[in-house]
Amino acid sequence: MVESVRRLEREIAKPCLHFSYPYGDEASAGPREFDLAKELGLKTGVTTRKGLIHPRHAAELTALPRVSLNGDYQKQRYVKVLLSGAPFALFNVVSRASNNAPPVT
C-alpha cells in the first residue's frame, strides 16, 4: 500500500487521497490496512465488501463498501439496479433466513 500510494503521488505530482483495496474476498483488507490508510493520509478507502455507502460509514471512511462494476454488470440497467440497493437487501433477507449470515452493508 505504501509503495502504491507513493508511486501514484510521484506520477501525478499530487497527494493520493483515495484508495481502492485490490479485489479479493471480504477478509483481504481489515483493520490493519484501514489503519495504514489513515496513517498514509488517505481520506477514503474502498473495500471489496459489497454494498452501498450509508451515514453509518462516516466513521469508517477507510473501510467503505463498494458496488463492483465488472464484466458481468456493465449494462446500464444492471448498474441502476445495483445502485438502488435492492440486490443487497435481498441478499440480506435470504442470508438471514438460510444461515444467519452477517448482513451486507
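Read on for a plain summary of the structure. Residue numbers run consecutively from 1 along every chain, following the written order of its sequence. For a predicted model such as this one, the threshold for reporting local features is a pLDDT of at least 70, and the threshold for listing and counting side-chain atom pairs is 80 or more; totals across whole chains, interfaces and linings nevertheless cover every residue. The side-chain figures draw on all heavy atoms in the structure; neither hydrogens nor water molecules are used.

Moving on to the overall build of the protein chain. Strands are runs of DSSP state E lasting at least two residues, helices are runs of H or I lasting at least four, and both sets are numbered from the N terminus onward. In terms of helices and strands, the protein chain carries 4 helices and 3 strands. Mapped in sequence order, the helices and strands of the protein chain form the string α-β-α-β-β-α-α. Relative to its full complement of 105 residues, the protein chain shows a buried share of 30%. Two residues qualify as a contact provided that any one of their heavy atoms is within 4.5 Å of a heavy atom in the partner residue. Summarising the internal contacts of the protein chain: among those between residues at least 6 apart in sequence, 43% fall at separations of at least 24. Areas reported as accessible are Shrake-Rupley estimates using a 1.4 Å probe. Residue values count occlusion only from the protein chains shown. Total accessible area computed for the protein chain in this model is approximately 7,400 Å², and 59% of it derives from carbon and sulfur atoms. To sort residues, take the accessible area from a 1.4 Å probe on protein chains only and compare it with the maximum for the residue type: under 20% means buried, over 50% means exposed, and anything in between is partly exposed.

Along the polypeptide, E33 turns up in helix α2 (residues 31–39). We call two N or O atoms a polar contact when they sit within 3.5 Å, provided that within protein one can donate a hydrogen and the other can accept it, with sequence-adjacent residues counted only if both atoms are side-chain atoms. A distance of 2.7 Å separates a polar side-chain atom of E33 from the backbone nitrogen of G30. Setting aside residues no more than four positions away along its own chain, E33 makes contact with M1, Y21 and S28.

The rule for a salt bridge is simple: a side-chain nitrogen of Lys or Arg has to be within 4 Å of a carboxyl oxygen of Asp or Glu. One pass over the structure, following the stated rule, counts 4 salt bridges. Across the pair E3 and R10 runs a salt bridge whose closest N-O atoms are separated by 3.0 Å. Residue classification places R10 among the exposed positions, given a relative accessible area of 55%.

Let's shift gears to the sheet that holds strand β2 (residues 44–50). Strands in a sheet are paired, the pairing made by backbone hydrogen bonds, and the direction either parallel or antiparallel. For two strands to be treated as a pair, DSSP must find no fewer than two bridges joining them. Across the sheet, which stays open at both edges, the 3 strands sit in the order β1-β2-β3 with parallel pairing between neighbours. One side of each edge strand has no neighbouring strand; the edge strands of this open sheet are β1 (18–20) and β3 (64–66). For this sheet, the mean inter-axis angle between neighbouring strands, taken without regard to orientation, is 40°. Strand direction decides the pairing type here: β2 and β3, joined by 2 bridges, are parallel. The residue of β3 that forms the bridge with K50 is R66. Fitted lines through C-alpha atoms give the axes, limited to the stretch in contact for helices. The angle between two N-to-C directions lies from 0 to 180 degrees.

Function cannot be read off these values alone, since they describe shape.
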